[in-house]
Amino acid sequence: MSNDYEGVKIGLEIHCQLTALNTKMFCNCSSDYRGNSPNTLLCTVCTGLPGSLPVLNKRALEAAIKIGLALNCKISSNSNFFRKNYFYPDSPKNYQITQYDKAGGIAIANNGHVETNLGGVRITRIQMEEDPGKLQYEGSITTSSNTLIDYNRAGISLVEIVTEPDIVSPKHAREFLNTIQSIVETIGECDSKLDGSMRADANVSISDGRRVEVKNITSFKEVERALNFEITRQKTIQAASKMETRHWDDVRRVTVTLRVKEGEEGYRYFPDPDLPPMVISDDYVDELRKSLPELPEMRLKRFTEEIKLSEEIARIIIRNKIVADYFEETLSYDFNPKLLSGWIATDIMGYLNRNNIEFADLPIKAKTLAFLSKSVSDSKVNDSTAKAILLKSLSSGTDIEDLLKSELADSVSSDDLPDIIEKVISDNPKALEDAKNDPQAIHFLIGQVMKATRGRANHSKVKELIEKQLN
Ligand SMILES: [Zn+2]
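Cut-off values and rules
Residues numbered from 1 in each chain as written. Predicted model: local features only at pLDDT ≥ 70, side-chain atom pairs only at ≥ 80, totals over all residues. Heavy atoms only, no water. Helix = DSSP H or I, 4+ residues; strand = E, 2+ residues; numbered from the N terminus. Rg over C-alpha atoms; globule rule 2.2 N^0.38 Å. Areas by Shrake-Rupley, 256 points an atom, 1.4 Å probe, with all protein chains shown as cover. Lys, Arg positive; Asp, Glu negative; His and termini not counted. Charge placed at Lys NZ, Arg CZ, Asp CG, Glu CD. Donors = N, O, S within 2.8 Å, 3.2 Å for Na, K, Ca; no water. Buried < 20%, exposed > 50% of the residue type's maximum accessible area, 1.4 Å probe, protein only. Pairing = 2+ DSSP bridges. Disulfide = S-S within 2.5 Å. Salt bridge = Lys/Arg side-chain N within 4 Å of Asp/Glu carboxyl O. Polar contact = N/O pair within 3.5 Å; in protein donor to acceptor, adjacent residues only side chain to side chain. Contact = heavy atoms within 4.5 Å. Axes fitted to C-alpha atoms, helices over the stretch in contact; angles between N-to-C directions. Left-handed = near helix turned anticlockwise from the far one by under 90°. Domains from an automatic or database assignment. Buried area = accessible area lost by both parts, 1.4 Å probe. Nonpolar A, V, L, I, M, F, W, Y, C, P; charged D, E, K, R; others polar.

S.K.: If you had to explain the overall build of the chain to someone new, which residues and values would you point to?
M.R.: If you tally the helices and strands in the chain, you get 14 helices and 16 strands. Computed over C-alpha atoms, the radius of gyration of the chain comes to 31 Å, more than 25% over the 23 Å expected from 2.2 N^0.38 for 471 residues, which places it beyond the range of a compact globule. About 23400 Å² of surface is accessible on the chain, with carbon and sulfur atoms providing 49% of the total. Here the chain holds 60 positive side-chain charges and 69 negative ones, and the gap between their average locations is 1 Å.

S.K.: Let's hear about the coordination of the zinc ion: which residues, and what values?
M.R.: Surrounding the zinc ion are the protein donor atoms Cys27 (SG), Cys29 (SG), Cys43 (SG) and Cys46 (SG), which sit 2.3 to 2.4 Å from the metal. We classify Cys43 as partly exposed; its relative accessible area is 25%.

S.K.: Which residues make up the pairing of strand E7 (residues 121-130), and what are the values?
M.R.: The buried count for E7 comes to nine of 10 residues, which makes it a mostly enclosed element. In this structure, strand E6 (residues 109-114) lies alongside E7, joined through five bridges in antiparallel fashion. Bridge pairing in E7 links His113 to Arg122. Between E6 and E7, which follow one another and run antiparallel, lie six residues, and Gly119 among them has a positive phi close to 120°. The pairing of E7 with strand E10 (residues 157-163) spans seven bridges and is classified as antiparallel. Bridging across to E10, Glu129 finds its partner in Leu158.

S.K.: Would you mind going over the state of the cysteines in detail, with residue names and values included?
M.R.: Applying the stated criterion across every chain yields a total of zero disulfides. Lacking any disulfide linkage, Cys190 is separated from the closest cysteine sulfur, that of Cys16, by 3.9 Å. By relative accessible area, Cys190 is classed as buried at 2%.

S.K.: So what about unusual backbone geometry? Which residues, and what values?
M.R.: Residue Ala103 is not a glycine yet carries a positive backbone phi of 50°. Among the secondary structure elements, Ala103 is positioned in the loop between strand E5 (95-98) and E6. We note that Asn356 has phi near 55°; this positive angle belongs to a residue other than glycine. Within the secondary structure, Asn356 sits in the loop between helix H8 (337-354) and helix H9 (366-377). The exposure class of Asn356 is exposed, given its relative accessible area of 56%.

S.K.: So what's going on with the sheet that holds strand E4 (residues 82-85)? Residues and values would help.
M.R.: Strand order across the open sheet formed by three strands is E5-E4-E15, with antiparallel pairing between neighbours. In the strand order of this sheet, the two ends are held by E5 and strand E15 (270-271), each with one partner. With two bridges joining them, E4 and E15 adopt antiparallel strand pairing. Bridging across to E15, Arg83 finds its partner in Phe270.

S.K.: Got a sec to walk through the side chain of Asp90? Specific residues and values, please.
M.R.: Within the fold, Asp90 resides in the loop between E4 and E5. Buried charge Asp90 goes without a salt bridge, the closest partner of opposite sign being Arg153 at 5.8 Å. Polar side-chain contacts of Asp90 include one of 3.3 Å to the side chain of Tyr86. When sequence neighbours within four positions are dropped, the list of residues in contact with Asp90 reads Pro132, Gly133, Leu135 and Tyr151.

S.K.: Before we move on, can you summarise the packing of H8 against helix H10 (residues 383-396) with the specific residues and values?
M.R.: At a minimum axis distance of 11 Å, the contact between H8 and H10 shows a crossing angle of 35°. When the axes of H8 and H10 are compared, the crossing they make is right-handed. Here Leu339, Trp343, Asp347, Ile348 and Tyr351 of H8 come into contact with H10, specifically with Asp383, Ala386, Lys387, Leu390, Leu391, Leu394 and Ser395.

S.K.: Go over the domain arrangement of the chain with me, naming the residues and quoting the values.
M.R.: Domain annotation for the chain reports domain 1 (3-288), domain 2 (294-402) and domain 3 (417-470). One C-alpha centre belongs to domain 1, the other to domain 2; they are set 34 Å apart. Residue-level contacts link 13 residues of domain 1 with 12 residues of domain 2. Looking at the side of domain 1 facing domain 2, the largest losses of area belong to Asn117, Ser182 and Thr186, adding up to 40% of the total buried there. The interface formed by domain 1 and domain 2 includes one salt bridge.

S.K.: Help me get a handle on the environment of Thr232, residues and values and all.
M.R.: With respect to the helices, strands and loops of the structure, Thr232 is situated in helix H3 (residues 220-236). Taking the C-alpha atoms as reference points, Thr232 and Tyr5, 227 residues apart in sequence, are found 9.5 Å from one another. Separated by 2.8 Å, the side chain of Thr232 and the backbone oxygen of Asn228 make a polar contact.

S.K.: Before we move on, could you go through the packing of helix H5 (residues 296-305) against helix H6 (residues 311-318) and cite the residues and values that matter?
M.R.: Taken N-terminus to C-terminus, the directions of H5 and H6 make an angle of 140°; their axes are 9 Å apart at the nearest point. As for how H5 packs across H6, the hand of that crossing is right-handed. Here Pro296, Glu297, Arg299, Leu300, Phe303 and Thr304 of H5 lie close against H6, whose contacting residues are Glu311, Ala314, Arg315, Ile317 and Ile318. Its residues assigned to classes, the contact of H5 with H6 comprises six nonpolar, one polar and four charged.

So, in structure tokens, the structure goes:
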């Protein structure tokens, strides 16, 4: 690793919306807030009007426990909700229902760990909380003259995944986030493709102890960029000695001071008197554990042990559920794991990365890629020809089947055609005589050659070679 990151420690707080839920965390308002008119999905509970009472959505608890189990956490048998009090326009009731790890509070899941290609990361805790409303700025937060507020998002169910400062570089942070994304997508509780469904805050410190929090990083590519910016900034500005919170401005691509960090006491946390403590039985946790699908780490084990992929290639593939599902689909058509995994992990993903294209937008269907690998399995083309066809299809957009067809036609005409023509002529001596007398009769011989090559020969090339024989 480069010395640029020596002494760097990064901790992340990842907010993950539980997008599979139909209603908000403590009321019956629809959670389908995207694309709806602002401030239409509201009730007395999520706006905190006097006399209203929150009731926990059981599905939120279930999803949080499943995510906790998938991140190897210990699930708390007793857990409770706290009020985090603050006065800010995104919170209509002036407090947020969340969990707290002090003053008798305990989060739903604690002490987990996650492996990645660049090293493991310990999970401190996973807490359940509600999303605040959404502030919108025209253009950028630093240049907008006014703020618009939409409370439709207020009360949406979230889990916040808090890590220990085990992350050692911006790249490691991105790798870790990809792993988390792959896990929550596999469980089916968070659809990360939905805008704003996964957001991260990062705290960055360098060996001398300065610690800065960067908030509002809304995509994983931005995480790497924001962290690189912040590390360079901290290393070059000596005065950055204060604890502070900075906001990532993804339009200008800089961090800006948001506020000098408030102490926790500023939030006056206390147990929410409207929500009873949760008592979670071992049986319930076991039931949820059994309901979990095959997780990325289990898939990795299957890919390396049963399918015999190298760990490096297998990790690249399992890191994204869409990629792993695609790979398995290709195998269902042509079981050639080594060739297919190599194409996917290096050629295809390399091409997509260079061109900033998401894997989900790959124009080559799994069945088509398997068709190409099958032509290698069947010795119709060799590895390098097949790879050239794949790369050509990616760059030109031409269909693989068309490229393969013309490749096969070419290969027949260049290598095997003279022999095939000779055999057709010796099998049909009379036809040769006929063709010498009647130019139209040549078509019979051409037809026989095309038949012998199952249509893979180039028609005009065949005609040319037969004419040569006639003369
Ligand atoms: Zn509501």
